[in-house]
Amino acid sequence: MFELSDKPIDPGKLTRRLADPRGGGFVTFEGWVRNHNEGRDVCSLEYEAYPALCDSEAAMILAEAKEKFDIIGAVCVHRAGSLAIGDIAVWIGVSGVHRGPAFAACQFIIDEIKVRLPIWKKEIYTDGDSGWVNCAHCVVHAHG
Amino acid sequence: MFELSDKPIDPGKLTRRLADPRGGGFVTFEGWVRNHNEGRDVCSLEYEAYPALCDSEAAMILAEAKEKFDIIGAVCVHRAGSLAIGDIAVWIGVSGVHRGPAFAACQFIIDEIKVRLPIWKKEIYTDGDSGWVNCAHCVVHAHG
Amino acid sequence: MPAKTIKIQYFAVLRELRGCSEESVQTVASTAVELYRELQAEHGFQLDPDALRLAVNDELRDWDTPLNDNDSVVFIPPIAGG
Amino acid sequence: MPAKTIKIQYFAVLRELRGCSEESVQTVASTAVELYRELQAEHGFQLDPDALRLAVNDELRDWDTPLNDNDSVVFIPPIAGG
């Protein structure tokens, strides 16, 4: 299950969705908003998403994870909107009978999410400047 | 930080201990009590621990994790006493600036915990029988 | 070649450069890359197609995908989720 | 050789076999393995030292560790945490 959410992520609630009496190992990944990136002090973030393609890509990633790894369930939620330092930007939970596949699947999902989901991140810096992450050259050209 | 706990584990509370504005990736592992093991239906579990050696071994494991991997913080809590199916038997949380070391450290810690912490698990089966896990031969000898 | 109506959604840096999230355009472009070249010429987008990915009707597509009337198009700037 | 007082804690399967969690014994055993052999003979423990680990004064030790008066000893059955 994947969800784009405008509201704060509640790990406890999401974990309960994955509860399963067969489950022996449960691995989660939380991406937190850091106070720095590439040497600059970050004050807050804006996430913007392309919802329709996020949904279909994420569904494909979760299906691939279930095919590759011996897991029971997997859930991923990604935030959209304004986030502060320490907020959870993305949450992934994977349950399995054994822990090895749960760890591997959780890493696979976050790795794929990062390169495949059409989500953009604008960093607002403490010096008042801001910029789209991974798009430094776009901005330079735009001003050029 | 390591703790042996007689009470249910609260992941939300433990996560807050690891909150850090530098943190970008946070990985957790939860070991859940499964309803089966080695082909037998499990009804509940009793965990027994040797507290003094658990504390010193766990402190060593966490220190080794911090030395081997570029992480910010790591917490581990293990239950003692009676547990039901679905209960959290062990919780590990690792925060890092980046996710790779957080995943690696979390896996390292649970792998080491499993082989080094003096904790024993007695399974109570649905057929009324019970047994110490990893100690089938002890029981056979004891009855022999 | 008859003009087609294409719906375009803009996200992130392209939304800011274009100054809107969505528009409908009339075009005779036969492929997505031709449409992008037209928009570049009109709005001065400096991003090369190599830096972008393309979705047509909410599915990832190659740049030489032919466009049909009423297609919906998104030019996807470099992503940074997670 | 003078007798020493050794405190023994029992856990898990050994606690059940011995029927108690803790006892003090008087022994002339000079090493932990000698003490374990005495207890085996007395209580019929069928577990071989190879299947156990040893802690003396709450630290992991080799079986040939010499015992001193008032040492605290734990024979550690196969573990299964996590």
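Residues numbered from 1 in each chain as written. Chains lettered and ligands numbered in written order. Predicted model: local features only at pLDDT ≥ 70, side-chain atom pairs only at ≥ 80, totals over all residues. Heavy atoms only, no water.

Peer 1: Would you take a moment to explain the sheet that holds strand 4 (residues 59-61) of chain C for this structure?
Peer 2: All names here are of chain C. With mixed pairing, five strands are arranged side by side in an open sheet as 2-1-5-3-4. The open sheet has two edge strands with one neighbour each: strand 2 (22-27) and strand 4. Geometrically, the sheet is characterised by an average inter-axis angle of 35° between neighbouring strands, direction not taken into account. With three bridges connecting them, strand 3 (residues 53-56) and strand 4 associate as antiparallel partners. Bridged to Leu-54 within strand 4 is Arg-61. Relative to the sheet, helix 2 (residues 32-43) contacts strand 1 (4-9), strand 2, strand 3 and strand 5 (72-76), its axis offset from that of strand 2 by approximately 110°. (Pairing = 2+ DSSP bridges. Helix = DSSP H or I, 4+ residues; strand = E, 2+ residues; numbered from the N terminus. Axes fitted to C-alpha atoms, helices over the stretch in contact; angles between N-to-C directions. Contact = heavy atoms within 4.5 Å.)

Peer 1: What exactly am I supposed to notice about the nonpolar core here?
Peer 2: Side chains of nonpolar character tend, in soluble globular proteins, to be buried together. Counting 64 residues, the largest nonpolar core has Ile92(A), Val94(A), Ile109(A), Ile92(B), Val94(B) and Ile109(B) as the members making the most contacts within it. If near-sequence neighbours (up to four positions away) are discounted, Ile92(B) is found in contact with Val27(B), Thr28(B), Phe29(B), Val75(B), Cys76(B), Cys106(B), Ile109(B) and Ile110(B). (Core = buried A, V, L, I, M, F, W, Y, C linked by side-chain atoms within 4.5 Å. Buried < 20%, exposed > 50% of the residue type's maximum accessible area, 1.4 Å probe, protein only.)

Peer 1: Can you help me understand the interface of chain B and chain D in this one?
Peer 2: The accessible area lost on association of the parts is a frequent measure of interface size. With 29 residues of chain B at the contact, the number on the chain D side is 24 residues. Carbon and sulfur atoms make up 61% of the surface buried where chain B meets chain D, a total of about 2,100 Å² over both sides. Summed over the shared surface of chain B and chain D, the number is two salt bridges. Between chain B and chain D we count 13 residue pairs in polar contact (both at pLDDT 80 or more) in total. Only strand 4 (40-49), helix 2 (51-68), strand 7 (88-96), helix 3 (99-116), strand 8 (119-125) and helix 4 (136-143) of chain B provide two or more residues apiece to the side of chain B that touches chain D. (Buried area = accessible area lost by both parts, 1.4 Å probe. Salt bridge = Lys/Arg side-chain N within 4 Å of Asp/Glu carboxyl O. Polar contact = N/O pair within 3.5 Å; in protein donor to acceptor, adjacent residues only side chain to side chain.)

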